[in-house]
Amino acid sequence: MTIPMTRLRRRLALSFAGSLLTLFATACSGPAPIGGADANTGRSDGGFIGGEIESGIGLLFAAAPPFGDSFEHNGHTISVSSAEFTIVDLRLIGDAASGDSRTSKDVVELSWEADEAVPVGYEDAPAGMYSRVRGTVVGFSIEGDVELERGEEAEFEAEQESVSLPIEFSLDLSLEAGEGQTLTVEVDLKKITEEIPFEDLSVDEGRIEIDEDSEAMEKVEEKIGESFDVVD
């Protein structure tokens, strides 16, 4: 079962009025909207649909390994079928500008059900050196299938509706005036899911639910911050 992005967005909007409101008040000069045509998000950038960006810096977020491909770890055979991440304050860190409207996104929504990269464009990023990208994951959902060591098969879902997980990864980019550069950022779903202790989790009607009350969620959250990396 895939959770529609509208459902995840609605849930995050509710939690936004609480703890995340403080985060945005610090990061932004005014209130930061979620979704809609006026929101500063990674889904409403008309100038960067995918491929190569014409000016500034483009990030193509790709899920890995490809959906449908299985991998084995600790006696389990795992495959991921969908993933969603909501990230706030996703900013480029460089010597020209760091954190203003040219190099930051209030909300970025990454959603994959197929092997298509999600584009996030910073078309107005000024010329200069860029060394890092930083942000905070505030919600996520990862779904897939697992064949347990004991031979049982089950669907699984790891979901958090409201968290605060810092992410950071390195860049080595020098942007010239009027130039556009596009980089692919891989999100390693294998790293996030392979350490889940599936054998210790209960299977209910063919499903394993990993939520905020599950000890297995600690493994998932621990790996999310290590799973974003530039691959080109």
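Structure shown above.
Residues numbered from 1 in each chain as written. Predicted model: local features only at pLDDT ≥ 70, side-chain atom pairs only at ≥ 80, totals over all residues. Heavy atoms only, no water.

What follows deals with the overall build of the chain. Across its full length, the chain carries three helices and 11 strands. Secondary structure elements in the chain, listed N-terminal to C-terminal, are α-β-β-β-β-β-β-β-β-β-α-β-α-β. Put simply, the chain has 232 residues, and 49% of those count as buried. Pairs at least 24 residues apart make up 77% of the contacts formed inside the chain by residues separated by at least 6 positions. Accessible surface, the chain as shown: approximately 10,800 Å² in total, 44% of it carbon and sulfur. (Helix = DSSP H or I, 4+ residues; strand = E, 2+ residues; numbered from the N terminus. Buried < 20%, exposed > 50% of the residue type's maximum accessible area, 1.4 Å probe, protein only. Contact = heavy atoms within 4.5 Å. Areas by Shrake-Rupley, 256 points an atom, 1.4 Å probe, with all protein chains shown as cover.)

Taken together, the side chains of Glu 72, Asp 145, Glu 147 and Glu 153 define an acidic patch exposed on the protein surface. The residue Asp 145 is located in strand 6 (residues 128–147) in this model. (Patch = residues over 30% accessible without salt bridge, like charges linked within 9 Å, V, L, I, M, F, W, Y side chains within 5 Å. Salt bridge = Lys/Arg side-chain N within 4 Å of Asp/Glu carboxyl O. Lys, Arg positive; Asp, Glu negative; His and termini not counted. Charge placed at Lys NZ, Arg CZ, Asp CG, Glu CD.)

This structure, assessed with the given rule, holds nine salt bridges. Residues Arg 207 and Glu 155 are paired through a salt bridge, measuring 2.8 Å at the closest nitrogen-oxygen approach. Placement of Arg 207 in strand 10 (residues 207–210) and of Glu 155 in strand 7 (residues 153–160) is noted, with a sequence separation of 52 residues between them. With relative accessibility at 16%, the residue Arg 207 sits in the buried group. Judged by its relative accessible area of 33%, Glu 155 is partly exposed. Where salt bridges share partners, they join Glu 155, Glu 157, Arg 207 and Glu 209 into one cluster.

Turning to the pairing of strand 3 (residues 76–94), a few remarks are in order. In summary, the side chains of a regular strand alternate between the two faces of the sheet. Along strand 3, 16 of the 19 residues are buried, which leaves the element largely enclosed by surrounding structure. Across four bridges, the pairing between strand 2 (residues 70–73) and strand 3 is antiparallel. Counterpart to His 73 in the pairing with strand 3 is His 76. Taken together, strand 2 and the strand that follows it, strand 3, pair antiparallel across an intervening segment of two residues, in which Asn 74 is found at a positive phi of about 55°. Bridging between strand 3 and strand 4 (residues 104–112) involves eight bridges; their strand directions are antiparallel. Considered in strand 4, the bridge of Val 88 is made with Val 107. (Pairing = 2+ DSSP bridges.)

Taken as a whole and assessed by the stated rule, the structure comprises five aromatic pairs. Residues Phe 85 and Trp 112 carry aromatic rings whose centres are separated by 6.2 Å and whose planes lie at 70° to one another, so their mutual orientation is edge-to-face. Of this pair, Phe 85 sits in strand 3 while Trp 112 sits in strand 4, and the two are 27 residues apart along the sequence. With a relative accessible area of 1%, Trp 112 lands in the buried category. Put simply, the rings of Phe 61, Phe 85, Trp 112, Phe 140 and Phe 228 pair up and form one aromatic cluster. (Phe/Tyr/Trp six-rings, centres within 6.5 Å; stacked < 30°, edge-to-face > 60°.)

As a further point, take the side chain of Thr 193. Note on placement: Thr 193 falls in helix 2 (residues 189–193). Setting aside residues up to four positions removed in sequence, Thr 193 forms contacts with Phe 71, Ile 78, Val 80, Ile 142, Phe 156 and Phe 198.

Looking now at the environment of Phe 61. The topology assignment puts Phe 61 in strand 1 (residues 56–64). On a C-alpha basis, the gap between Phe 61 and Leu 110 in space is 7.6 Å, while along the polypeptide they are 49 residues apart.

Turning next to helix 3 (residues 216–224). Every α-helix carries 3.6 residues per turn, so stepping three or four residues along brings you back to the same face. Within helix 3, burial applies to Ala 216, Met 217, Val 220, Lys 223 and Ile 224. For helix 3, the angular spread of the buried residues around the axis is 135°, confining them to a single face. (Arc of directions from axis to C-beta.)

Time to look at the nonpolar core. Of all hydrophobic cores here, the largest spans 53 residues; its most connected members are Phe 61, Phe 85, Trp 112, Phe 140 and Ile 224. No other element matches strand 3, which puts seven residues into this core. Apart from residues no more than four positions distant in its own chain, Phe 140 is found in contact with Glu 84, Phe 85, Ala 158, Glu 159, Gln 160, Val 163, Leu 165, Met 217, Val 220, Glu 221 and Ile 224. (Core = buried A, V, L, I, M, F, W, Y, C linked by side-chain atoms within 4.5 Å.)

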